[in-house]
Amino acid sequence: MANGDKISVGADELIVKMFDAQSASASSPWIHVKDYPEKNFHADAIETGGQIEIMVRNDENQPLAATDGVIAQTVVPAALAADVTGYIWAKAKKTAGGTPAPSTLIMMARRR
């Protein structure tokens, strides 16, 4: 799968693989999240010194992938609820640490 691929889309649920075994520093594409106020992010294998940030924007149209946004949450290697309510777009940005490890980041979003 590519970064940003949707795994599942249902009436009340959206599951997106924001990163798929991403070893180097990278950004996922922007994902439209306005209709899904409850979001959880799960990351595996973030190397020492590395981090993944969840960024948000309220642009009317989808921002370019290279465009950064406001950092809403920094993800650690565990399930994490991030409050990105009220935003239209979300993306993940990985900064690799000393010894890069392949990181997979899943976003699970639900309607209330």
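Coordinates for the structure precede this section.
Below: a short report on this structure. (Residues numbered from 1 in each chain as written. Predicted model: local features only at pLDDT ≥ 70, side-chain atom pairs only at ≥ 80, totals over all residues. Heavy atoms only, no water.)

**Quick word on the overall build of the chain**
Per the secondary structure count, the chain includes zero helices and 10 strands. Counted from the first residue to the last, the chain has its helices and strands arranged as β-β-β-β-β-β-β-β-β-β. Relative to its length of 112 residues, the chain is compact, with a C-alpha radius of gyration of 13 Å against a globular reference of 13 Å. Expressed as a percentage of the 112 residues in the chain, the buried residues total 39%. Here the chain has roughly 5700 Å² of accessible surface; of this, 50% comes from carbon and sulfur atoms. Computed over 11 positive and 13 negative side-chain charges, the inter-centroid distance for the chain is 2 Å. (Helix = DSSP H or I, 4+ residues; strand = E, 2+ residues; numbered from the N terminus. Rg over C-alpha atoms; globule rule 2.2 N^0.38 Å. Buried < 20%, exposed > 50% of the residue type's maximum accessible area, 1.4 Å probe, protein only. Areas by Shrake-Rupley, 256 points an atom, 1.4 Å probe, with all protein chains shown as cover. Lys, Arg positive; Asp, Glu negative; His and termini not counted. Charge placed at Lys NZ, Arg CZ, Asp CG, Glu CD.)

**Quick word on the pattern of salt bridges**
Taken as a whole and judged by the stated rule, the model has five salt bridges. The shortest N-O distance in the salt bridge between D20 and K17 comes to 3.7 Å. A salt bridge links D68 to K93, with the shortest nitrogen-to-oxygen separation between them at 2.7 Å. Of this pair, D68 sits in the loop between strand 6 (51-57) and strand 7 (70-75) while K93 sits in strand 9 (residues 89-95), and the two are 25 residues apart along the sequence. Among the charged side chains, a network of salt bridges with common partners joins D68, K91 and K93. (Salt bridge = Lys/Arg side-chain N within 4 Å of Asp/Glu carboxyl O.)

**Concerning the packing of aromatic side chains**
Applying the stated rule across the entire model yields zero aromatic pairs. Its guanidinium or amino end placed over the ring of Y36, R111 lies 4.6 Å from that ring's centre, counting from NZ or CZ. (Phe/Tyr/Trp six-rings, centres within 6.5 Å; stacked < 30°, edge-to-face > 60°. Lys NZ or Arg CZ within 6 Å of the ring centre and 35° of its normal.)

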